[in-house]
Amino acid sequence: MTTRLRHLTRLLDLERAELAALIERADALRQGAEPRRFPDKILGLVFEKPSTRTRISFEAAAFRLGAGSVFMTQRDSQLQRGEPVRDTARVLGRYLDALALRTFAQETIEESARYAGVPVINALSDRYHPCQTIADLLTLQQHLGRFEGLRLVYLGDGNNVFASLAEAAALVDIDLVFCGPEGYDPDPDLVAEVRELGGRVTTIRDPEQAVAGADVLYTDVWTSMGQEEESERRRRDLASYQINRDLLSVAGDALVLHCLPAHRGEEITDDVIEGAQSRVFDQAENRMWAQMAVLEAIWSRE
Ligand code: CP
Ligand code: NVA
């Protein structure tokens, strides 16, 4: 695969053809293609926030590529005592061959990319979650076999997960609909940037109107990590954007995605997540195949 992939700080670091190649490769790996081997590479994971899927799928991905991985949290490193991000990045870059960072601030990822001297991958920040989106697109490829003309309706908070889906709309031909209340809209500058690049992103406030004719319904938690103090207000404001059986019946046979972890009974009901239209566990599995493709691309370019 030819790619110029150096850092993945946000999905728009990729060009259309690069994203298409990553999805194609991830899909091949998912179906049993032989992974490339990188026995001399080590992936570093530096996480400021908890994780189940991202951490373990990255570690499993590295292992399946014959590479090593090391994991560090902010709490048990000198970052906790105030060592500057740029110093940490420069030191880790001397030991390791790529860094996957989960941070409160997007700026931490961008600063690390400027200083590390090795590829830096966004493993979730306050603004973006690009690795999630690549796995989401792989799940669409797996279950619907195309992107063109798909109507994906995202319900709830216009957060980091939505922002990366919006960036995807600039790179694949999906119709993305944001459906949430005022006050929870995605960053208007980002939406404008995506539209300038030709992406189709619209807002529809009414859930029933939004989901009619949808191919995919997608939601995420209403309270993201770091927003815990707002959770009561968020539960109140977002209550009518829950994906439940009634709303799903308006959407017909639409598939249901959720990046997980889910707060069952809030943004999605138990019966929907366990139901026949849910693809959330394939979606979670696809994190690993997608990240194998990302690591292959990063380590093959050298
Ligand atoms: N979807 C996702 O990023 O999950 P984790 O927080 O468990 O990594
Ligand atoms: N929006 C959520 C995603 C978790 C995977 C968060 O940032 O906490």
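**Looking at the environment of Gln 277**
- Summarising the element assignment, Gln 277 is placed in the loop between helix H11 (270-273) and helix H12 (280-300).
- With 268 residues separating them in the primary sequence, Gln 277 and Thr 9 have C-alpha atoms 32 Å apart.
- The residues contacting Gln 277, other than those within four sequence positions of it, are Leu 248, Gly 252, Asp 253, Ala 254, Leu 255 and Val 256.
- Among the polar contacts made by the side chain of Gln 277, one reaches the main-chain carbonyl oxygen of Gly 252 at a distance of 2.9 Å.
- At a separation of 2.7 Å, a polar atom in the side chain of Gln 277 contacts the main-chain carbonyl oxygen of Ala 254.

**Remarks on the packing of aromatic side chains**
- Applying the stated criterion across every chain, the model contains six aromatic pairs.
- Summarising the aromatic geometry, the rings of Tyr 154 and Phe 178 are spaced 6.4 Å apart at their centres and angled 20 degrees between planes, so their arrangement reads as stacked. Residue Tyr 154 is located in strand S5 (residues 151-155), and its partner Phe 178 is located in strand S6 (residues 175-179); the two are separated by 24 residues in the primary sequence.
- A residue is classified by how much of its surface remains accessible, and Tyr 154, at 0% relative accessible area, is buried.
- Among the residues examined, Phe 178 registers a relative accessible area of 0% and is labelled buried.

**Brief notes about the site of ligand 2**
- Every residue near ligand 2 is listed here: Leu 124, Asn 159, Asn 160, Asp 220, Val 221, Ser 224, Met 225 and Leu 260.
- Separating a nitrogen atom of ligand 2 from a side-chain N or O atom of Asn 159 is a distance of 3.4 Å.
- Contact distances for ligand 2 include 2.6 Å between a nitrogen atom and a side-chain N or O atom of Asp 220.
- Considered on its own, ligand 2 offers 270 Å² of accessible surface; in the complex 95% of this is hidden by protein.
- Spatially, ligand 2 is embedded in the largest pocket.
- A class-by-class count of the residues in the shell around ligand 2 yields four nonpolar, three polar and one charged.

Rules and cut-offs
Residues numbered from 1 in each chain as written. Chains lettered and ligands numbered in written order. Predicted model: local features only at pLDDT ≥ 70, side-chain atom pairs only at ≥ 80, totals over all residues. Heavy atoms only, no water. Helix = DSSP H or I, 4+ residues; strand = E, 2+ residues; numbered from the N terminus. Contact = heavy atoms within 4.5 Å. Polar contact = N/O pair within 3.5 Å; in protein donor to acceptor, adjacent residues only side chain to side chain. Phe/Tyr/Trp six-rings, centres within 6.5 Å; stacked < 30°, edge-to-face > 60°. Buried < 20%, exposed > 50% of the residue type's maximum accessible area, 1.4 Å probe, protein only. Near = heavy atom within 4 Å. Areas by Shrake-Rupley, 256 points an atom, 1.4 Å probe, with all protein chains shown as cover. 1 Å grid on protein atoms, 1.4 Å probe; cavity = no way out; pocket = protein on both sides within 12 Å on 5 of 7 lines; lining within 4 Å. Sits in = over half its atoms within 2 Å of the grid points. Nonpolar A, V, L, I, M, F, W, Y, C, P; charged D, E, K, R; others polar.

Any functional reading would require information beyond the geometric quantities listed.
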